[in-house]
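Structural description and commentary
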Amino acid sequence: MRAGGWLKRDLRIQDHAPIVHSGEIDEAIYLYLFEPEVLASPEFDPSHLVFITECLVELREALQARGGRLVIWHAEAVEAFDKLYETWPFDEILSHEETGT
């Protein structure tokens, strides 16, 4: 079984249920999206971009140590998942439920 993990604000490995579950799956790839709509929102600040980028560097290293792969794209979600599925067909998508803006 192949799974895609969608990482949003949950850029950690500790106590991250989808990543723990993906360890039970044959192959997993993780996707982080810099979504244009989010980047353009009034709540988004350039300091968020710095923090996210630092977290993604650490997360990529941690996932690689576990045999995982992190893909980072600038795209809207539907477009990104269509592209991901075309290049790496998956059986399920794992993610935390996102709340808030």
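Scroll up a little and you will see the structure.
All of these numbers come straight from a predicted model, not from anything done at the bench. (Residues numbered from 1 in each chain as written. Predicted model: local features only at pLDDT ≥ 70, side-chain atom pairs only at ≥ 80, totals over all residues. Heavy atoms only, no water.)

**Notes on the sheet that holds strand β1 (residues 2-7)**
Across a sheet, strands are paired by hydrogen bonds formed along the backbone, either parallel or antiparallel in direction. Cut-off, in case you're wondering: For two strands to be treated as a pair, DSSP must find no fewer than two bridges joining them. Under the scheme used here, helices are H or I runs from DSSP no shorter than 4 residues and strands are E runs no shorter than 2 residues, and both carry numbers assigned from the N terminus. Only the stretch in contact is used when a helix axis is fitted, and all axes are lines through C-alpha atoms; the angle between N-to-C directions ranges over 0 to 180 degrees. Residue contacts are counted whenever heavy atoms from the two residues lie within 4.5 Å of one another.
If you trace the four strands from one edge of the open sheet to the other, you get β3-β2-β1-β4, paired in parallel fashion. Unpaired on one side and paired on the other, β3 (69-73) and β4 (92-94) mark the two borders of the sheet. Going from strand to strand, the sheet's axes swing by 30° on average, the running direction of each strand aside. Strand direction decides the pairing type here: β1 and β4, joined by three bridges, are parallel. Looking at the pairing, alanine 3 lines up with glutamate 92 of β4. Where helix α3 (residues 46-65) meets the sheet, its contacts fall on β1, β2 (27-33) and β3, and the angle it forms with β3 comes to roughly 150°. The sheet contacts of helix α4 (residues 77-87) involve β1, β2, β3 and β4, and relative to β2 the element is tilted by about 150°.

**Quick look at the nonpolar core**
Inclusion rule: We call a set of buried residues a nonpolar core when its members are Ala, Val, Leu, Ile, Met, Phe, Trp, Tyr or Cys and they connect through side-chain atoms within 4.5 Å of each other. Buried, partly exposed and exposed residues are distinguished by accessible area as a fraction of the type maximum, computed with a 1.4 Å probe on protein chains only: under 20%, between the cut-offs, and over 50%, respectively.
Formed by 14 residues in total, the largest nonpolar core has its most connected members in Leu7, Leu11, Tyr32, Ile52, Leu56, Leu63 and Leu70. The set of elements that each furnish at least two residues to this core consists of β2 and α3. Top contributing element to this core by residue count: α3, with five residues. If near-sequence neighbours (up to four positions away) are discounted, tyrosine 32 is found in contact with Leu7, Lys8, Leu11, Ile52, Leu56, Leu70, Val71, Ile72 and Trp73.

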